[in-house]
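Next come the chains, spelled out residue by residue.
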Amino acid sequence: MLNTTLCYIEKDGKYLMLYRNKKKNDINEGKWIGIGGKFEKGETPDQCLTREAFEETGLILTDWKYRGLVHFIPDKGEAEDMYLYTADGFIGELTDCNEGELKWIEKEKIFDLSLWEGDRAFLKKLLNDESGFEMTLRYEGDKLVEMKEGSL
């Protein structure tokens, strides 16, 4: 089981989104996602969040909120627990990301992007300022075949 973080940084009514188009054999290729990544040995979710945010964006997070836990279950590959965050405090200048293109997207236009189907479900919760939720997303290839929701 992989442990990862996923964060949507907020500024001026926009989320910082990452269009994945630079890595080879990337499961997220062609999709818009938040920023984040895999835990390193001994890291807490918050430590992973802040490290990944800096590595992918050049920004140092100063204020963030844990929003929920997403269990991602693919038909191929390893299952993943994603610790989901939003952040609205940061310092620094946005840098290029080696995994794709970073872009500030107006929140009301997020659903016009190429997103994972399950991401649409938890993004609705984030946009409604919900926290403390748990979600299980089971995929067969790119298709969401099961979604369960609960609370932590």
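The structure we're discussing is the one just above.
Residues numbered from 1 in each chain as written. Predicted model: local features only at pLDDT ≥ 70, side-chain atom pairs only at ≥ 80, totals over all residues. Heavy atoms only, no water.

A. Spatial organisation of the pattern of salt bridges. On inspection of all chains with the given rule, the structure shows 12 salt bridges. Salt-bridge contacts for Glu-10 lead to Lys-107; the nearest nitrogen and oxygen are separated by 2.6 Å. Of the two residues, Glu-10 is situated in strand S1 (residues 2–11) and Lys-107 in the loop between strand S7 (100–106) and helix H2 (117–127); the sequence distance between them amounts to 97 residues. Glu-55 is the partner of Arg-51 in a salt bridge, and the nearest nitrogen-oxygen pair spans 3.2 Å. Within this pair, Arg-51 and its partner Glu-55 are both found in helix H1 (residues 45–57), separated by 4 residues, close to a single helical turn. According to the relative accessible area criterion, Glu-55 is partly exposed, its value standing at 48%. Connected through shared salt-bridge partners, Glu-40, Glu-43, Arg-51, Glu-52 and Glu-55 make up one network. (Salt bridge = Lys/Arg side-chain N within 4 Å of Asp/Glu carboxyl O. Helix = DSSP H or I, 4+ residues; strand = E, 2+ residues; numbered from the N terminus. Buried < 20%, exposed > 50% of the residue type's maximum accessible area, 1.4 Å probe, protein only.)

B. Seen up close, the nonpolar core. Counting residues in each nonpolar core, the largest one holds 37 residues, and the members touching the most others are Tyr-8, Ile-9, Met-17, Leu-84, Ile-110, Phe-122 and Leu-123. Filtering out sequence-adjacent residues up to four positions away, Phe-122 remains in contact with Leu-6, Tyr-8, Val-70, Met-82, Leu-84, Phe-133, Met-135 and Leu-137. (Core = buried A, V, L, I, M, F, W, Y, C linked by side-chain atoms within 4.5 Å. Contact = heavy atoms within 4.5 Å.)

C. Quick look at a nonpolar patch on the surface. On the surface, Phe-54, Ile-60 and Ile-91 cluster together into a nonpolar patch covering about 290 Å² of accessible area. You can see Phe-54 is positioned in helix H1. (Patch = residues over 30% accessible without salt bridge, like charges linked within 9 Å, V, L, I, M, F, W, Y side chains within 5 Å. Areas by Shrake-Rupley, 256 points an atom, 1.4 Å probe, with all protein chains shown as cover.)

D. Structural detail: the pairing of strand S9 (residues 143–151). Pairing of strand S8 (residues 133–140) with S9 involves 8 bridges; the strand directions are antiparallel. Across the sheet, Tyr-139 pairs through a bridge with Leu-144, a residue of S9. Hairpin connection from S8 to S9: 2 residues lie between these consecutive antiparallel strands, with Gly-141 at a positive phi of about 60 degrees. (Pairing = 2+ DSSP bridges.)

E. Examining H2 more closely. For H2, the full list of buried residues reads Gly-118, Asp-119, Ala-121, Phe-122, Leu-123, Lys-125 and Leu-126. Just downstream of H2, Asp-129 is the residue with a positive phi angle, here 60 degrees.

F. Structural view of the packing of aromatic side chains. A complete count under the given rule lists 9 aromatic pairs for this structure. Where Tyr-8 meets Phe-122, the ring centres are 6.4 Å apart and the plane angle is 55 degrees; that geometry is what we call tilted. Note that Tyr-8 is positioned in strand S1 and Phe-122 in helix H2, a separation of 114 residues in sequence. You'll find Tyr-8 and Phe-122 in the same group, each marked buried. Judged by centre distance (6.0 Å) and plane angle (20 degrees), the ring pair of Phe-90 and Trp-104 falls under stacked. Placement of Phe-90 in strand S6 (residues 80–91) and of Trp-104 in strand S7 is noted, with a sequence separation of 14 residues between them. Members of the aromatic cluster, each reached through a chain of ring pairs, are Phe-39, Tyr-66, Tyr-83 and Tyr-85. When the ring centre of Tyr-15 is taken as origin, the NZ or CZ atom of Lys-107, which lies over that ring, is 4.9 Å away. (Phe/Tyr/Trp six-rings, centres within 6.5 Å; stacked < 30°, edge-to-face > 60°. Lys NZ or Arg CZ within 6 Å of the ring centre and 35° of its normal.)

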